[in-house]
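Residue-level listing of the chains:
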Amino acid sequence: MRAFLSFVGYRLLRALITLWVVSTVVFVVMRLSGDPVPLLLPPDAPRSEIFRVRAELGLDRPLPVQYAVFLGNVLRGDFGRSIHFREPASRVVMGYLPATLELGLTAFLFAVVVAVPVGLLSAVRRNTFLDHAAMGVALVGQSAPTFFIGILFILLLSLKGGWFPTSGRGTWAHLVLPALTLALFAMASVARLTRSAMLEVLRADYIRTARAKGLAEVLVVAKHTLKNAAIPIVTITGLQFGTLLGGAVVTETVFAWPGIGRLAIQSIYNRDYPVVQCAVFLSAVIFIVLNFLIDVIYGLLDPRIRAR
Amino acid sequence: MASSIPASAPAEAAAVVRHAARAGRQARRTRRFIGAGIGFVVLMAAVAAAAPWLAPHDPVRQSLRSRLAAPTLEGPDGKSHLLGTDHLGRDVLSRVIHGARVSLLVGGAAVLVGGAIGSALGIVAGFRGGWADSIIMTLADAQLAFPFILLAIGIIAVLGPSFPTLVVVIGLSGWVSYARILRSQVLSLRSREFVDAVLALGGSVPRIVLRHVLPNVLSSLVVIATLELARAIVLEATLSFLGLGIQPPTPSWGGMVHEGREYLDSAWWISTCPGLVLMATSIVVSRTGDWLRDLLDPTLKGE
């Protein structure tokens, strides 16, 4: 138990350090952009007005003070007011979060439901046509640019085929293409890893023993192999969920899906930096928290990890 | 094992020979694939370099009369447009050819920047150890624990898209793997006696790095750089697609896919042609990286 607690504590520390690094980078990048005040005011604003707003935003104080204030605000979830929406940036971003989570979860489900069985079959039927075909598709899925896959899906399945709407959010049919696009990279990684994890276990001595004692191949795969290959598969699958959040920026833009990724891109065009910062930071928080939880679950599943 | 069952020894020897022969065949095949991959990249580079002479038309010249013309040998303006024209009447083939310049230039420069930064930090982390090592490796962990594209978007949003910004941001997105490989190589060499001997004889740290560290990691660096090139090209195209890359009217593959998005229904070729070229490039380069890894450095496979 003590070993486990210190393992969790170490992971927690690392997650907090990552959060701190990310927020510091956000602060530095924000300061690199120069004075944001002229952007906030009409171009013919008098100098006194510029000084007043500058003082109001605390930009006339020394940098270390500004940094401390910034960190305090971040801890309270205060990223300032959106210039475009005229309400707190955090509230704007929260409004777009459900769409992103819906897309991410569906894509995650696709990835798991398709990729794990495909990886299993590939390993069991190694070097057959099925294996080569599946791994070929997985290689393409891993190195093809996501945004172009999305464009191809729109062209072939919705414009030519007419089976799905091209963009927007609404019915389940709206969800299929974006989720599939977003899932493709995760699917490819999970399928390849499932295959190699299974192959590794299938080579083990105890599997040979199981076969030698006359166990049916189905049982060998289902009971002896799958159980032991599960840990790496669970980990990589969990990690992919975080990666999906990053990919959501691209997918949401391609399919005009109203989530935080698209919001971030549009806010860049609107020069609405508070919203951009809040969206980037919130994604980072979700990603880091997920990674932390996966680490903990991994530690629970596999006692060997805790020893490290 | 084999000695306990003498009867099977000849069979086992034959199996070993068969296995070796198969491994040899496989290695030769991998070499051929790598050759083909490198050939592809060289061809791309040649196309990019010779773009002004190869392209049949001016890539930024607009012509309202021949807007959205399908791939044709004789368009409405009497000229051939093998891959059609876009919404401003610009020749898609010429733009795809010129787009190779942006992709390879940004991708290649980003790989150099990332490689230089990563290698330098890895060497510093390995030789200095202590707090420098801790800071560098914590940064590396932090970066891996975060979807970098979000940060890239934030940085480019604030600084504005330009060639140097793009190169630095894309380069920074890939420094970690170089740093890791160099750090571990330095660490394993630092404890060796001959390194102490070189230092005692007045040899400098840069000399050790040049003479002993780099030759040992060169093949790993080549593998990583190839895989990074594929990633950098895709990242550049993605940023251009999002409107954060090289700005119009300069043709870039990602930007072209973005421009054609509106006309997908009526003029599919605007997006599809540059997209397919991009996809082919990315797949060929990353596969070449995989093959190089199989051949040069199978230990990297876990990364």
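Please read all numbers here as calculations on a predicted model, not as lab measurements.

Right, let's talk about the overall build of chain B for a bit. Across its full length, chain B carries 11 helices and zero strands. The order of α-helices and β-strands along chain B, N terminus first, is α-α-α-α-α-α-α-α-α-α-α. A globule of 303 residues ought to have a C-alpha radius of gyration of about 19 Å, yet chain B, at 25 Å, is considerably larger. Once the C-alpha set of chain B is aligned to its principal axes, its extents read approximately 80 × 60 × 35 Å.

When its secondary structure is counted, chain A shows 13 helices and zero strands. Secondary structure elements of chain A, listed N to C terminal, follow the sequence α-α-α-α-α-α-α-α-α-α-α-α-α. Summarising its shape, the C-alpha atoms of chain A cover approximately 90 × 60 × 30 Å along the three principal directions. Long-range contacts, defined as pairs at least 24 residues apart, comprise 72% of the intrachain contacts of chain A with a sequence gap of at least 6.

Right, let's get into helix α4 (residues 63–75) of chain A. Helix length check: α4(A) (13 residues) gives 18 Å between terminal C-alpha atoms against 18 Å at 1.5 Å per residue, within 8%. With its phi angle positive at about 75°, A:Gly77 sits one or two positions after the end of α4(A).

Take the environment of B:Thr281 next. All names here are of chain B. As for its placement among the helices and strands, Thr 281 is situated in helix α11 (residues 269–296). What makes Thr 281 buried here is the crowd of 25 C-beta atoms within 10 Å. Residues Thr 281 and Val 41, 240 residues apart in the sequence, show an inter-C-alpha distance of 7.9 Å. Excluding residues within four positions of it along the chain, Thr 281 makes contact with Met 44 and Ile 233.

Another aspect to go through is the nonpolar core. By size, the foremost hydrophobic cluster in this structure holds 144 residues, and its most contacted members are A:Val93, A:Ala264, A:Ala279 and B:Ile153. When residues no more than four places from it in sequence are discounted, the contact partners of A:Ala264 are A:Val249, A:Val276, A:Ala279, A:Val280 and B:Ile153.

Before going further, it helps to spend a moment on the environment of B:Leu112. One can find B:Leu112 in helix α3 (residues 92–128). Counting along the chain gives 76 residues from B:Leu112 to B:Ala36, while the straight-line C-alpha distance between them is 23 Å.

The next subject is the interface of chain A and chain B. Taken together, the contact between chain A and chain B spans 37 residues of the former and 35 residues of the latter. When contributions to the side of chain A that touches chain B are tallied by element, the ones reaching two or more residues are α1 (2–32), α6 (129–143), α7 (146–160), α10 (217–254), α11 (260–269) and α12 (273–301) of chain A. Within the side of chain A that touches chain B, the residues separate by chemical class into 28 nonpolar, eight polar and one charged.

To continue, consider the environment of B:Gln185. All names here are of chain B. Structurally, Gln 185 can be placed in helix α7 (residues 175–190). Among the residues examined, Gln 185 registers 20 C-beta atoms within 10 Å and is labelled buried. Leave out the neighbours within four places in its chain, and Gln 185 touches Val 213, Asn 216 and Val 217.

This part takes up the confidence of the model for chain B. Residue and element names in this part refer to chain B. Mean pLDDT over chain B stands at 81; residues scoring 70 or higher make up 91%. For the stretch residues 1–5, pLDDT sits under 50, and the model shows three contacts to residues farther than four places along the chain or on other chains. Listed scores for the predicted complex are pTM 0.84 and ipTM 0.80.

Here the focus is unusual backbone geometry. All names here are of chain A. Non-glycine residue Asn 127 carries a positive phi angle of around 65°. With respect to the element layout, Asn 127 can be found in the loop between α5 (89–124) and α6. Asn 127 gets classed as exposed once you count the C-beta atoms within 10 Å, which come to 8. One non-glycine residue, Ala 256, lies in positive phi territory at about 50°. Tracing the backbone through its elements, the reader meets Ala 256 in the loop between α10 and α11. The class of Ala 256 is partly exposed, set by 13 C-beta atoms lying within 10 Å.

All names here are of chain B. One way to put it is that helix α4 (residues 130–144) packs onto α7 with a least axis distance of 10 Å and a crossing angle of 140°. Of the possible angle classes, the one that applies to α4 and α7 is oblique. Between α4 and α7 the crossing geometry is left-handed. Contacts between α4 and α7 pair Ile 136, Ala 140, Gln 143 and Leu 144 from the former with Val 176, Ala 179 and Arg 180 from the latter. Of the residues contributing to the contact of α4 with α7, the split by class is five nonpolar, one polar and one charged.

Another point: the confidence of the model for chain A. Looking at chain A, pLDDT values average 81 and 94% of them are 70 or higher. Per-element confidence in chain A ranges from a low mean pLDDT of 63 for helix α13 (residues 303–306) of chain A to a high of 87 for α5(A).

Time to look at the packing of α7(A) against α11(B). Running from N to C, α7(A) and α11(B) point in directions that differ by 135°, and their axes come no closer than 10 Å. Taken together, α7(A) and α11(B) sit at an angle that is classed as oblique. Read as a crossing pair, α7(A) and α11(B) show a hand that is left-handed. Each of A:Phe148, A:Ile151 and A:Leu155 in α7(A) lies in contact with α11(B), whose residues at this interface are B:Ser271, B:Thr272, B:Gly275, B:Leu278 and B:Met279. Looking at the contact of α7(A) with α11(B), its residues break down into five nonpolar, three polar and no charged.

Before going further, it helps to examine α7(B). Residue and element names in this part refer to chain B. Relative to the 22 Å expected for 16 residues at 1.5 Å per residue, α7 spans 22 Å between its end C-alpha atoms, a close match to the ideal helical length. Taken together, the buried positions of α7 are occupied by Trp 175, Val 176, Ser 177, Tyr 178, Ala 179, Arg 180, Ile 181, Leu 182, Arg 183, Gln 185 and Val 186. As for α7, its buried residues are in contact with α3, α4, α6 (163–172) and α9 (205–241).

Reading guide: rules and limits
Residues numbered from 1 in each chain as written. Chains lettered and ligands numbered in written order. Predicted model: local features only at pLDDT ≥ 70, side-chain atom pairs only at ≥ 80, totals over all residues. Helix = DSSP H or I, 4+ residues; strand = E, 2+ residues; numbered from the N terminus. Rg over C-alpha atoms; globule rule 2.2 N^0.38 Å. Contact = placed C-beta atoms within 7 Å. Expected span 1.5 Å × (residues − 1). Buried ≥ 20, exposed ≤ 12 C-beta atoms within 10 Å, placed from the backbone. Core = buried A, V, L, I, M, F, W, Y, C linked by C-beta atoms within 7 Å. Nonpolar A, V, L, I, M, F, W, Y, C, P; charged D, E, K, R; others polar. pLDDT = per-residue confidence, 0-100. Axes fitted to C-alpha atoms, helices over the stretch in contact; angles between N-to-C directions. Parallel < 35°, antiparallel > 145°, perpendicular 65-115°, else oblique. Left-handed = near helix turned anticlockwise from the far one by under 90°.

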